[in-house]
Amino acid sequence: MMELILKNRISRPKIDALLTFLHTWGVDAEIKARDKQTAKDKHIAEFKEAIRETEAMAKDIRLNGTKGYKTLDELLAED
């Protein structure tokens, strides 16, 4: 199996012509489009992960108290 990566957007007629050309040579080929994650999707995924981490931290604080956590003033004083 080989993989051909097309780096630019190509119109559907050109893709169909390429597939037809490959089929005439007896090459079994198919098109699989990879969905690229947009910047908006990436930001949403990062935000959801931050929410999950915050919820886990809140649960830990509810169960174990604030031992091991620092206040913002304590964190800033370290620098």
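For the structure, see preceding data.
Residues numbered from 1 in each chain as written. Predicted model: local features only at pLDDT ≥ 70, side-chain atom pairs only at ≥ 80, totals over all residues. Heavy atoms only, no water.

(A) Geometry of the overall build of the protein chain. Scanning the protein chain from N- to C-terminus turns up three helices and zero strands. Put simply, the protein chain runs from its N terminus to its C terminus through helices and strands in the order α-α-α. Whereas a compact globule of 79 residues would reach a radius of gyration of roughly 12 Å, the protein chain reaches 26 Å, over 25% beyond that. C-alpha atoms of the protein chain, sized along the principal axes, occupy 70 × 25 × 20 Å. For the protein chain, the proportion of its 79 residues judged to be buried stands at 3%. With an accessible surface of roughly 8100 Å², the protein chain has 57% of that area assigned to carbon and sulfur atoms. (Helix = DSSP H or I, 4+ residues; strand = E, 2+ residues; numbered from the N terminus. Rg over C-alpha atoms; globule rule 2.2 N^0.38 Å. Buried < 20%, exposed > 50% of the residue type's maximum accessible area, 1.4 Å probe, protein only. Areas by Shrake-Rupley, 256 points an atom, 1.4 Å probe, with all protein chains shown as cover.)

(B) Broad picture of the packing of aromatic side chains. The tally for this structure, following the rule as stated, stands at one aromatic pair. With a centroid separation of 4.7 Å and 50° between ring planes, the pair formed by Phe-21 and Trp-25 is classed as tilted. Owing to a relative accessible area of 63%, Trp-25 belongs among the exposed residues under this scheme. (Phe/Tyr/Trp six-rings, centres within 6.5 Å; stacked < 30°, edge-to-face > 60°.)

(C) Representation of a nonpolar patch on the surface within the structure. Residues Leu-4, Leu-6 and Ile-10 make up a contiguous nonpolar surface patch of roughly 270 Å² in combined accessible area. Here Leu-4 lies in the segment before α1 (12–24). (Patch = residues over 30% accessible without salt bridge, like charges linked within 9 Å, V, L, I, M, F, W, Y side chains within 5 Å. Salt bridge = Lys/Arg side-chain N within 4 Å of Asp/Glu carboxyl O.)

(D) Highlighting α1. Across its 13 residues, α1 extends 18 Å between first and last C-alpha, which sits within 8% of the 18 Å expected from 1.5 Å per residue. Just downstream of α1, Gly-26 is the residue with a positive phi angle, here 80°. (Expected span 1.5 Å × (residues − 1).)

(E) Structural context of the environment of Asn-8. On the secondary structure map, Asn-8 appears in the segment before α1. Considered as a pair, Asn-8 and Leu-22 are 14 residues apart in the sequence and their alpha carbons are 19 Å apart.

(F) Representation of the pattern of salt bridges within the structure. Scanning the entire structure with this criterion turns up four salt bridges. The closest approach of N and O atoms between Glu-49 and Arg-52, which form a salt bridge, is 3.0 Å. On the criterion of helical spacing, the pair formed by Glu-49 and Arg-52 is a turn pair, its members being three residues apart in helix α2 (residues 39–64). Ionic pairing is found between Lys-70 and Glu-78, a salt bridge with its closest N-O pair at 2.1 Å. A relative accessible area of 48% means that Lys-70 is categorised as partly exposed.

(G) Region of interest: the environment of Ile-15. Here Ile-15 is to be found in helix α1. Separated by 45 residues in the primary sequence, Ile-15 and Asp-60 have C-alpha atoms spaced 54 Å apart. Not counting chain neighbours up to four residues away, the residues in contact with Ile-15 comprise Ile-10 and Ile-31. (Contact = heavy atoms within 4.5 Å.)

Fair warning: the whole summary comes from geometry, so function is off the table for now.
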